[in-house]
Amino acid sequence: MRADSTQVKAAVAALFLALVVGGWYAASARLPPYMMPPPDAVLRAATRFFTSAREIGHLQATLFNVGVAIAIAFVLGSALALLCHYARFAGPTIHGRFSPFLNAFPGIGWTLLAAIWFGVSTVSVVFSITVVLLPFALINLREGLSALDGEIDEMARSFGRSFIRQFLFIVVPALFPFAIATLRIMFGVAWKVTLTAELFGGGEGLGYLINLARQEYDTEVIFAVVFTIVVAVYLADRFIFAPLEFATSRHFGRQGKRR
């Protein structure tokens, strides 16, 4: 039964892909190339993209921006969540004021402000991505800290364990599933924010490359970059983040059943 279900899903996926490609070819036959380039032209543009040192340099710049912004946002979000957990007086300010403000402020607004404050630079791009990702880390890790088992923490204190040992061997391992889930969400969101930030506030990167292609009506390059990002994010989510999240959740779920 499971094999039949898998085959049906594969057939449906193949049919959907065929319909998309067929519709794409039909649309490209009726519209000018600068509006809807055919799939084979986009494939050639993607091939040129991965064989050009200039385009690879833009890809490396975007990867750098995404990686640095995720790291900064995760560390800051973790620090603020831990501060609220251990210093309860900070909770109303951070969770009640600061976090909602960041959630409500649009990403394009941060990008424009960063371009004014820091100019067209990597700092502007990293800053814009970081402030958009920060609430994700703060909120998710807050939920992880709220889900900690208080009985285990009390038992550790009763056995005379130091605060550092409690934190390293109880709190940190318990936060692993939440941390992996947070990084998974941040990775997907970061790519969306990065293109906008590089489009308006960056002097390099895939967003900057898309801006140049837009000015030259080089739609093939725009499609190639977008599809490259979609494939990269899907592969990273499917083969890196999803297995890590499943493994950590299963591990701690079994621990919970044993308790």
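As a reminder, the structure under discussion sits directly above these lines.
Residues numbered from 1 in each chain as written. Predicted model: local features only at pLDDT ≥ 70, side-chain atom pairs only at ≥ 80, totals over all residues. Heavy atoms only, no water.

Novice: Teacher, can you tell me more about the overall build of the chain here?
Specialist: Regarding its fold elements, the chain presents 10 helices and zero strands. Along the chain, helices and strands appear, N-terminal first, in the series α-α-α-α-α-α-α-α-α-α. In terms of overall dimensions, the chain is more spread out than a globule: its C-alpha atoms have a radius of gyration of 23 Å, far above the 18 Å expected for 259 residues. Seen through its C-alpha atoms, the chain measures out along the principal axes to roughly 75 × 60 × 30 Å. In the chain, buried positions account for 34% of the 259 residues. In the chain, of all internal contacts separated by at least 6 residues, the share reaching a separation of at least 24 is 72%. Working note: accessible area of the chain is about 15300 Å², and carbon and sulfur atoms make up 69% of it. (Helix = DSSP H or I, 4+ residues; strand = E, 2+ residues; numbered from the N terminus. Rg over C-alpha atoms; globule rule 2.2 N^0.38 Å. Buried < 20%, exposed > 50% of the residue type's maximum accessible area, 1.4 Å probe, protein only. Contact = heavy atoms within 4.5 Å. Areas by Shrake-Rupley, 256 points an atom, 1.4 Å probe, with all protein chains shown as cover.)

Novice: In this structure, what is going on with the pattern of salt bridges? I would like to understand it.
Specialist: Side chains that differ in charge, positive against negative, can pair when their charged atoms come close. Scanning the model with the defined rule gives six salt bridges in all. A salt bridge links E220 to R48, with the shortest nitrogen-to-oxygen separation between them at 3.7 Å. Of this pair, E220 sits in helix α10 (residues 219-258) while R48 sits in helix α2 (residues 39-51), placing them 172 residues apart in sequence. Residue R48 is classed as partly exposed on the basis of its relative accessible area of 44%. (Salt bridge = Lys/Arg side-chain N within 4 Å of Asp/Glu carboxyl O.)

Novice: How should I be thinking about the packing of aromatic side chains in this particular structure?
Specialist: The relative placement of two aromatic rings is captured by the distance of their centres and the angle of their planes. A full pass over the atoms with the stated rule returns 14 aromatic pairs. Where W117 meets F127, the ring centres are 6.0 Å apart and the plane angle is 65°; that geometry is what we call edge-to-face. Placement of W117 in helix α5 (residues 107-118) and of F127 in helix α6 (residues 122-146) is noted, with a sequence separation of 10 residues between them. Each member of the aromatic cluster is reached from another via a ring pair, and the members are F101, F105, W110, W117, F118 and F127. Sitting above the plane of the F239 ring, R238 keeps its charged end 5.7 Å from the centroid. (Phe/Tyr/Trp six-rings, centres within 6.5 Å; stacked < 30°, edge-to-face > 60°. Lys NZ or Arg CZ within 6 Å of the ring centre and 35° of its normal.)

Any functional reading would require information beyond the geometric quantities listed.
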